[in-house]
Amino acid sequence: MHLVFASSLVPCGAPESGFDIANHAVVGALRRAGVKVTHFGFKWPGVELADPDNTVCLGEIDPKTDTASTKQKLLWLAKAIANGTTFSSAKLKVMDDQALRAAFEKIENVDGVVLNGVPLAGAFEKILTAKPFIFIAHNVEHISAQANAKAASSIIEKLMFQREAKHLEKLEKRLAKKAQFVLTFADEDREPLGVDGDERSLCLPLVTPKAENYKDGRIKAFDIGMIGTWTWAPNRIGLEWMLQEVMPHLPDGITLAIAGKLPKGFPQRDKRVQFLGRVINAKDFLRQCRVIALTSREGTGVQLKTIETFEMGLPAVATQSSIRAIANLPSNVRMAETGKEFAKTLADHVLDVRTNVIGDIDGSTFRSSQIERMDEIMQTALNKMSGK
């Protein structure tokens, strides 16, 4: 079977972002099932393709909103309104349908398509849904847009996100209805897409790229660690909750290190907190932390940093939202929901790690169980697409 993996961005370099890591896992599962995969989409400017022999690149594009100029944002918005598309799809409408169809038709012996998320599918829906397809919903995007609208700081932002949510909901449900099968990364995401029955969709477990085999002990420089792209609204909500609702209840002697890109002008509010910015190696950073704080409060889909933490066998404290799609919780992970409860659980967990009451565990069992279930579900999806 030969499938085209149609995505806004094709793989470039080693997978780093949550989007890249999820795509790497999905394509790995497809190839383990014997599928020939051809990547189809745009690439970041000035970077090398990770899999050039199996990639059809449509050109270079930088779709980041947070670094775009006001003029560029307004152009994207005008294009979205003119074409009746989402803001995210308008960013990719840099070529006409005829040019994209010509690029697609050059790919030989295509049996079907894997629609990876909604942006590219929304920009070129008729072409990309002409063949049998599996729809992969990384998140329920319209719910994220609704959350962004509620958190918006201006009336213009609020109206933009409300418009995006309206168009995204129609697009996501339409793609889910047309698809031969739908794969989500959290069970809770199936119902809002209108495909909560197992005959139409399943939740696909994920893994990260294979972890290094660390032989040396950990040097624990920080009590608590957090890592993520904090410019993304759902992540920022979890970060703000940690700083505002959890930190005030933590003992003075406990430190917190936060790695990852922050919004411009993000204030330093507590001397116990260190903002490290983007780190060279995320796994090396996590290994420097006694306990990982998994603080998701909003959003859909799966938390890739949760999976990475569990695969590495690190002690953690997590909210319920952080363990979406996780069936088996590792023995050194604790749960808490309110800020005060989360702080107490963190403090107790840090003390247990400091005194060697609890420590790292072997994460390979967790990883193996994820891969086994992933392969079973991917085969189900492929069977449905081929009519078996």
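Calculation criteria
- Residues numbered from 1 in each chain as written.
- Predicted model: local features only at pLDDT ≥ 70, side-chain atom pairs only at ≥ 80, totals over all residues.
- Heavy atoms only, no water.
- Helix = DSSP H or I, 4+ residues; strand = E, 2+ residues; numbered from the N terminus.
- Rg over C-alpha atoms; globule rule 2.2 N^0.38 Å.
- Contact = heavy atoms within 4.5 Å.
- Disulfide = S-S within 2.5 Å.
- Buried < 20%, exposed > 50% of the residue type's maximum accessible area, 1.4 Å probe, protein only.
- Phe/Tyr/Trp six-rings, centres within 6.5 Å; stacked < 30°, edge-to-face > 60°.
- Pairing = 2+ DSSP bridges.
- Axes fitted to C-alpha atoms, helices over the stretch in contact; angles between N-to-C directions.
- Core = buried A, V, L, I, M, F, W, Y, C linked by side-chain atoms within 4.5 Å.
- Salt bridge = Lys/Arg side-chain N within 4 Å of Asp/Glu carboxyl O.
- Parallel < 35°, antiparallel > 145°, perpendicular 65-115°, else oblique.
- Left-handed = near helix turned anticlockwise from the far one by under 90°.
- Nonpolar A, V, L, I, M, F, W, Y, C, P; charged D, E, K, R; others polar.

A.B. asks: Any chance you could explain the overall build of the chain here in plain terms?
C.D. replies: For the chain, the count of helices and strands is 13 helices and 13 strands. A compact globule built from 388 residues should have a C-alpha radius of gyration of about 21 Å, and the chain, at 21 Å, falls within 12% of that. The dimensions of the chain, computed from C-alpha atoms along their principal axes, are 65 × 45 × 40 Å. Sequence separation of 24 or more characterises 67% of the internal contacts of the chain that already satisfy a separation of 6 or more.

A.B. asks: Sorry, what's going on with the state of the cysteines here?
C.D. replies: Overall, the coordinates contain 0 disulfides when judged by the stated rule. With no disulfide of its own, Cys12 has Cys57 as its nearest cysteine by sulfur position, at a separation of 6.9 Å. Residue Cys12 is classed as buried on the basis of its relative accessible area of 18%. With a relative accessible area of 32%, Cys57 lands in the partly exposed category.

A.B. asks: Sorry if this is basic, but what is going on with the packing of aromatic side chains here?
C.D. replies: Each aromatic ring pair is summarised here by two numbers: the centre-to-centre distance and the angle between the ring planes. Throughout the structure, instances matching the rule amount to 6 aromatic pairs. Pairing Phe40 with Phe104 gives two aromatic rings, centres 5.6 Å apart and planes at 85 degrees, and the pair type is edge-to-face. Linking Phe40 in strand β2 (residues 36-43) with Phe104 in helix α4 (residues 97-105), this pair joins segments that are 64 residues apart in sequence. Ring centres of Trp241 and Phe342 lie 5.1 Å apart, and the angle between their planes is 75 degrees; this geometry places the pair in the edge-to-face category.

A.B. asks: Looking at this model, I keep getting lost on unusual backbone geometry. Mind explaining?
C.D. replies: What is expected of a backbone is that most residues other than glycine have negative phi and most peptide bonds are trans. Phi at Asn109 takes a positive value of approximately 55 degrees, unusual for a residue other than glycine. For Asn109, a relative accessible area of 65% corresponds to the exposed category.

A.B. asks: Could you clarify how one ought to interpret the sheet that holds strand β5 (residues 133-137) in this entry?
C.D. replies: Remark on secondary structure: sheet strands pair via backbone hydrogen bonds, oriented parallel or antiparallel. An order of β3-β2-β1-β4-β5-β6-β7 is seen for the 7 strands of this open sheet, with the pairing classed as parallel. For this open sheet the edge positions go to β3 (55-60) and β7 (201-203), each flanked by a neighbour on one side alone. Adjacent strand axes in the sheet meet at a mean angle of 15 degrees when their direction is disregarded. Where β2 lies against β3, 4 bridges are found, and the strand directions are parallel. For Lys43, the partnering residue across the bridge sits in β3 and is Glu60. Packed onto the sheet, helix α1 (residues 18-32) meets β1 (2-9), β2, β4 (112-116) and β5 and runs at close to 180 degrees relative to β1. This element, helix α8 (residues 155-178), spans β4, β5 and β6 (181-184) of the sheet and lies at about 145 degrees to β5.

A.B. asks: Teacher, can you tell me more about the nonpolar core here?
C.D. replies: Of all hydrophobic cores here, the largest spans 48 residues; its most connected members are Val26, Leu30, Leu183, Leu204 and Leu206. If we ignore the near neighbours within four places in the chain, the residues touching Leu206 are Ala22, Ala25, Val26, Phe185, Val302, Leu304, Ile307, Gln370 and Met374. Counting 37 residues, the second-largest nonpolar core is a separate cluster that includes Phe40, Val113, Ala121 and Phe135.

A.B. asks: Would you mind showing me how to read the environment of Ala78 here?
C.D. replies: With respect to the secondary-structure elements, Ala78 resides in helix α2 (residues 70-83). According to the relative accessible area criterion, Ala78 is partly exposed, its value standing at 43%. Spatially, the C-alpha atom of Ala78 lies 8.7 Å from that of Ala90, the residues being 12 residues apart in sequence.

A.B. asks: Help me understand the pattern of salt bridges in this model?
C.D. replies: Side chains carrying opposite charge are able to pair once their charged atoms draw close together. According to the stated counting rule, one finds 20 salt bridges in the structure shown. Note that Asp51 is salt-bridged to Arg31, the shortest N-O span being 2.9 Å. Placement of the pair is Asp51 in the loop between β2 and β3 and Arg31 in helix α1, with a sequence separation of 20 residues. Across the pair Glu308 and Lys305 runs a salt bridge, and its minimum N-O distance is 2.9 Å. One end of the pair is Glu308 and the other is Lys305, both in helix α11 (residues 304-311) and 3 residues apart, which spans about a single turn. For Glu308, a relative accessible area of 5% gives the class buried. Look at Lys305 and you get partly exposed, because its relative accessible area is 24%. Salt bridges sharing common partners tie together Glu125, Arg174 and Lys178.

A.B. asks: Where do I start with the packing of α1 against helix α13 (residues 364-385) in this structure?
C.D. replies: Two measures define how a pair of helices packs: the angle their axes make with one another and the distance between the axes. Orientation of α1 relative to α13, taken along the N-to-C sense of each, is 70 degrees, at an axis distance of 9 Å. Classed by the angle they form, the pair α1 and α13 counts as roughly perpendicular. Viewed along their axes, α1 and α13 form a crossing whose handedness is right-handed. Of α13, the residues touching α1 (which contributes Ala25, Val26, Ala29, Leu30 and Arg32) are Ile371, Met374, Asp375, Met378 and Leu382. Per-class residue counts for the contact of α1 with α13 are 8 nonpolar, no polar and 2 charged.

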